[in-house]
Structures are given as C-alpha cells and as structure tokens.
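# Observations on the three-dimensional arrangement
Residue-level listing of the chains:
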Amino acid sequence: VTRALIVGGGIAGLSAALALGELDYSVDLVERNDTVEALGSGITLITAAMRALERLGVLRECIDHGYGTSEVGLHDVDGDLLAVVPLPQALGSDVPGVMGMMRPTLHRILLDHAVSRGFTVRTGLSPEEIVDDEAMATVSFSDGSQREYDLVIGADGIRSTVREFVSGSLSAQFQHQVCYRAVVPRPASVTREIVFDGFKRVHIGFTPTGDDSMYIYCLVPADDMNRPPDAEIPSLIRGYLKPFGGVVPELCDHIADPALVNFTVLETIVAPKPWFRGRTTFVGDAAHSTTPHIAAGAAMCLEDALVLAEELKANENIAQALESYTTRRFDRCKFVVETSAQLGYWQTHPDTVGADPQALIGGALEVLSAPF
Ligand SMILES: Cc1cc2nc3c(=O)[nH]c(=O)nc-3n(C[C@H](O)[C@H](O)[C@H](O)COP(=O)(O)OP(=O)(O)OC[C@H]3O[C@@H](n4cnc5c(N)ncnc54)[C@H](O)[C@@H]3O)c2cc1C
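Residues numbered from 1 in each chain as written. Predicted model: local features only at pLDDT ≥ 70, side-chain atom pairs only at ≥ 80, totals over all residues. Heavy atoms only, no water.

### A look at the side chain of S289
Just so we agree on the cut-off: We count a stretch as a helix when DSSP gives it H or I for four or more residues in a row; a strand needs E for two or more, and each element gets its number in order from the N terminus. The buried label applies to any residue whose accessible area, calculated with a 1.4 Å probe on protein chains only, is under 20% of its type's maximum; exposed applies above 50%, and partly exposed to all values in between. Definition of a polar contact: a pair of N or O atoms within 3.5 Å, with one able to donate and the other able to accept a hydrogen when the atoms are protein atoms, and with sequence-neighbouring residues admitted only if both atoms are side-chain atoms.
Inspection of the secondary structure puts S289 in strand β20 (residues 288-289). A residue is classified by how much of its surface remains accessible, and S289, at 4% relative accessible area, is buried. Among the polar contacts made by the side chain of S289, one reaches the side chain of D285 at a distance of 3.3 Å.

Now the structure itself:
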C-alpha cells in the first residue's frame, strides 16, 4: 500500500483525498486548524468545477444543496436589466451552466465522502520538517510525531509551507483590489447570476446559493493590504453598495452580522515549474492562487486533484507521475491566474484602451469548459 500525506483540509486537500480514493493508497490528511471547515461565505462553481465534482462522485449532492442557473443578468448601476447572457450547459441539460453554494456545505460534502472512504483526518497538526531522500519522505509533525510517506501533497493554500520546501520562498503579488462578501436572504426576484456595471471602480454581483440564500461580492480598489476591523466590515459593504439600485437597497438591510460577511485581499501566485521535488508536490492555491474574476480557483483545485490521481495511476514511478502532473496543469492554471488578474486590472483602470472584459470572460469560460 502506498502511503500519502495531504497537508491542508481546504477544497484542494479534500478533493485530493477523494481522488486518491480511486487508488490503493493509505491517506493521512492533516489540517492545522482545530476543525476542517470553510468560511461562511458562498462560492460560484463553473462548468470545469462541476465536471470535476462529477468525476469525484459528488456533483448530484452538490446540485441538491446549491442553486444552479444557466443565465447571467447584466444590470446598470440603477439596477435596470441590460441583457441576459445564456451560459452553455456543457455537461448536459440536467447540469446548470453555473452553480452557487455555501462554502461550508461544499466542504461538508467533500469531507464526509473522504472520511467515509476511511481516510484519517487529523486536525490541529502541521508538518514542521520534511526530509525527502527520494527513497522516502519522513515528516516531523508539530505534536512531535514522525511518519514516513511515499508521497507528500501540499494543499496548504497560498502561503504553503510544503511549496516552500519544494520551491523555496515565493511572494504573492498584491493585485490592488480587495473583495468584500456578504451572505443575505435571496429575494424571489434573484434567480440567476447577476453582474452590475461598475460604479467608480467598485464592481458588484450576486450568486444565488440556495432557495433562501445568496451572496453579494464587492470588488474594491485598494492601495494597501490593510484589513479593516471585523466590526466595521458590514457598514463598509453597505457603503460600497449605496450607489447601486434595483434590489440592492433592500439587501443592504440584511448586512449587519459580522459572522455573515468577509474581507479578502486579492493576491496571486503561480509557482514556477516543477511543482515537485522528490516525492513531495503541491496542489490548489499552493501552486496557483487566483483572484475570483472568472470564479475558477476551486475548479483548478478540483482538476489538480483528479489529474494528480490519474498520473499516479498511469505511472508506477512517482517522480514521473509528478512531472506529468506539472506538465498537464501548469499552462491551464497560469491562464486562469493571468486572465483573472487582467480583468481586475481593467476594473481598476477603466480607461484602458481595448479593454473588453465580456469577450475575455466568454473566451476563458469556453477554454475552461473543455476537458482538461
Ligand atoms: C475573494 C475570493 C473569492 C473566491 N471565489 C471563488 C469562487 O466563487 N469560485 C471559485 O471556484 N473559486 C473562488 N475563489 C478561489 C478559491 O476559493 C480557492 O482557489 C480555493 O478555496 C483554494 O483552496 P485550497 O484548498 O487550495 O486552499 P485553502 O482554501 O487556502 O486551504 C488550505 C488549507 O490548508 C490549511 N493549512 C495551511 N497551512 C497548513 C499547514 N502548515 N499545516 C496544515 N494545514 C495547513 C489551511 O488551514 C486551510 O484549511 C475565490 C478566492 C477569493 C480570494
């Protein structure tokens, strides 16, 4: 039996655990937090994410607990509908073009399936040292224990320590935007993905996540990476939403609870190739961290997990499998990060000559909806 360690219980780590379930692996997953859970926000899943969830055997459950739609409504700042753009249903008529769901629900589904396949999930634990001598990776943990593994997978996010072990220290690039999100009740009139025209470089939109819920995002230009105090975030969001009309004022009345809002500084990383050293590799945001402009970050995490498992199945030699995994993933993930960053740049520099965000988004979603 091949022994694998997955570091990190985010979307990438949990989906890697599920994908390795297809192979005869014994998997330990360690998460440094005391629980494996996600922010109480929503997430938008594009076709590429849904295809990967299908391959992991959890798409139906996700659809049952989410809100699918195959349309984007474009609104002006006053809230008037300008156009409805249909989204292709590349996976068939019973799978929506896009789906929203609550992040904790997606996490719970992935975790339940991973645990039901018998993987050990240990929380409150981090690797402190990895000694990878090509014959074996020996990992020393923060509780003083030590274990040997045939494969170590870093799924430990943008500030990955596993990536640092493989590739050395890398800095994330601040993209001069921050994202505020708020979970609110879904009004009956919001039945599709909604995007508003920008107002003074502030860009907002909604994703329905269920019969009773949706989330609002606000992308705001920022000169620095300072985080506002948690208690001020609801009123800051209401302030950014103030110029927008339609259903927005009614939604603002529900933005008060600091537990239902969050704030994230937008940063990007594309780790240089190769994404492995010896028997140690990394997946998800550890390898490529994107801004949310085409909602493709989670899709890339899920695809990484599947491709890694496919290559481990196809190649007996782990180094060869990790080389093929890097080769198959690098360009596609870099494309997502660069396309998303370009869209962010255009939002913060609205006078850029030749900017055509709708064309760039449409083209990118078409590329990503093709199999990987
Ligand atoms: C504002 C914003 C909105 C987004 N919206 C969308 C969207 O709508 N759709 C979409 O597809 N993508 C979206 N994304 C991207 C998506 O959220 C990420 O790509 C994805 O969540 C990354 O998952 P991950 O598992 O790689 O990393 P993470 O979610 O960062 O998980 C890493 C995990 O590893 C743990 N960890 C870290 N270090 C250690 C350690 N040393 N030891 C043990 N555990 C450790 C952490 O505690 C964490 O649980 C968005 C991103 C942002 C910033």
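### A short note on the sheet that holds strand β11 (residues 146-149)
Two modes of strand pairing occur in sheets, parallel and antiparallel, and in both the strands are linked by backbone hydrogen bonds. Spelled out, the test is: Only when DSSP finds a minimum of two bridges between them are two strands counted as paired. Axis lines are fitted to C-alpha atoms, over the contacting stretch for helices. Their N-to-C directions set the angle, which ranges from 0 to 180 degrees.
What the three strands build is an open sheet, ordered β9-β10-β11; its pairing is antiparallel. Edge strands, defined here as strands with exactly one partner in the open sheet, are β9 (127-132) and β11. When strand polarity is set aside, the average angle formed by the axes of neighbouring strands in this sheet is 20°. Pairing of strand β10 (residues 137-141) with β11 involves four bridges; the strand directions are antiparallel. Looking across to β11, one finds that S140 is bridged to Q146.

### Focus: the nonpolar core
For the record, the criterion: Remark: nonpolar core denotes a set of buried residues (Ala, Val, Leu, Ile, Met, Phe, Trp, Tyr, Cys) joined through side-chain atoms within 4.5 Å. Here a residue-residue contact requires only that any non-hydrogen atoms of the pair lie within 4.5 Å.
Ranked by internal contacts, the top residues of the largest apolar core, which has 72 residues, are I6, L20, L45, L53, L106 and L312. The greatest single-element share of this core, amounting to 11 residues, is contributed by helix α8 (residues 297-314). Setting aside its immediate chain neighbours within four residues, L45 contacts M50, L53, V98, M99, M101, L106 and A298. Core analysis: the next-biggest nonpolar cluster, separate from the first, contains 29 residues, Y180, I216, L241 and V261 among them.

### Quick look at the sheet that holds strand β13 (residues 173-185)
Spatially, eight strands are ordered β6-β5-β14-β15-β16-β13-β17-β20 in an open sheet, and the strand pairing comes out mixed. Every interior strand has two partners, whereas the edge strands, β6 (81-86) and β20, have only one. In the sheet, strand β5 (residues 71-75) pairs with β6 via five bridges, with the strands oriented antiparallel. Bridging across to β6, V72 finds its partner in V85. Along the sheet face, helix α6 (residues 233-241) touches β13, β15 (203-208), β16 (213-221) and β17 (261-270) and points at about 95° away from the line of β13.

### Here we look at the site of the ligand
The condition is simple: The rule for a residue being near a molecule or strand is that one of its heavy atoms must lie within 4 Å of it. Accessible surface area values rest on a Shrake-Rupley calculation with a 1.4 Å probe, where residue burial reflects the displayed protein chains alone.
The environment of the ligand is made up of 33 residues, and the closest members are A12, E31, T44, D285 and A298. Between an oxygen atom of the ligand and a side-chain N or O atom of E31, the distance comes to 2.6 Å. The separation between an oxygen atom of the ligand and a polar main-chain atom of A298 is 2.8 Å. Out of a free accessible area of 1,000 Å², the ligand has 87% covered by protein chains. Looking at which element gives the most residues to the shell around the ligand, the answer is α8, with four residues.

### Some words on the side chain of T69
Topologically, T69 is positioned in strand β4 (residues 67-69). When its relative accessible area of 8% is taken as the criterion, T69 is described as buried. Apart from residues lying up to four places away in sequence, T69 is in contact with P96, G97, V98, T191, R192 and E193.

### With respect to helix α2 (residues 47-55)
Buried residues dominate α2, accounting for seven of its nine residues. Turning to α2, its buried residues are T47, A48, A49, M50, R51, A52 and L53. Once α2 finishes, G57 follows within two positions and takes phi at roughly 80°, a positive value.

### Quick look at the packing of aromatic side chains
Heads up, the rule is: Only Phe, Tyr and Trp rings are paired, with Trp represented by its six-membered ring, and only when their centres lie within 6.5 Å; those with planes under 30 degrees apart are stacked, over 60 edge-to-face, the remainder tilted. Lysine NZ or arginine CZ positioned within 6 Å of the ring centre and within 35 degrees of the ring normal marks a charge as sitting over the ring.
The tally for this structure, following the rule as stated, stands at eight aromatic pairs. For the ring pair F196 and F244, a centre distance of 5.7 Å and an interplane angle of 85° mean the geometry is edge-to-face. With a gap of 48 residues between them, F196 in strand β14 (residues 193-196) and F244 in the loop between α6 and α7 (248-252) connect regions that are remote in the sequence. Each member of the pair, F196 as well as F244, carries the same accessibility label: buried. Stacked on the ring of F141, the Lys or Arg R122 has its end atom at 5.2 Å from the ring centre. One cation-aromatic arrangement involves R277 over F165; the distance from NZ or CZ to the ring centre is 4.5 Å.

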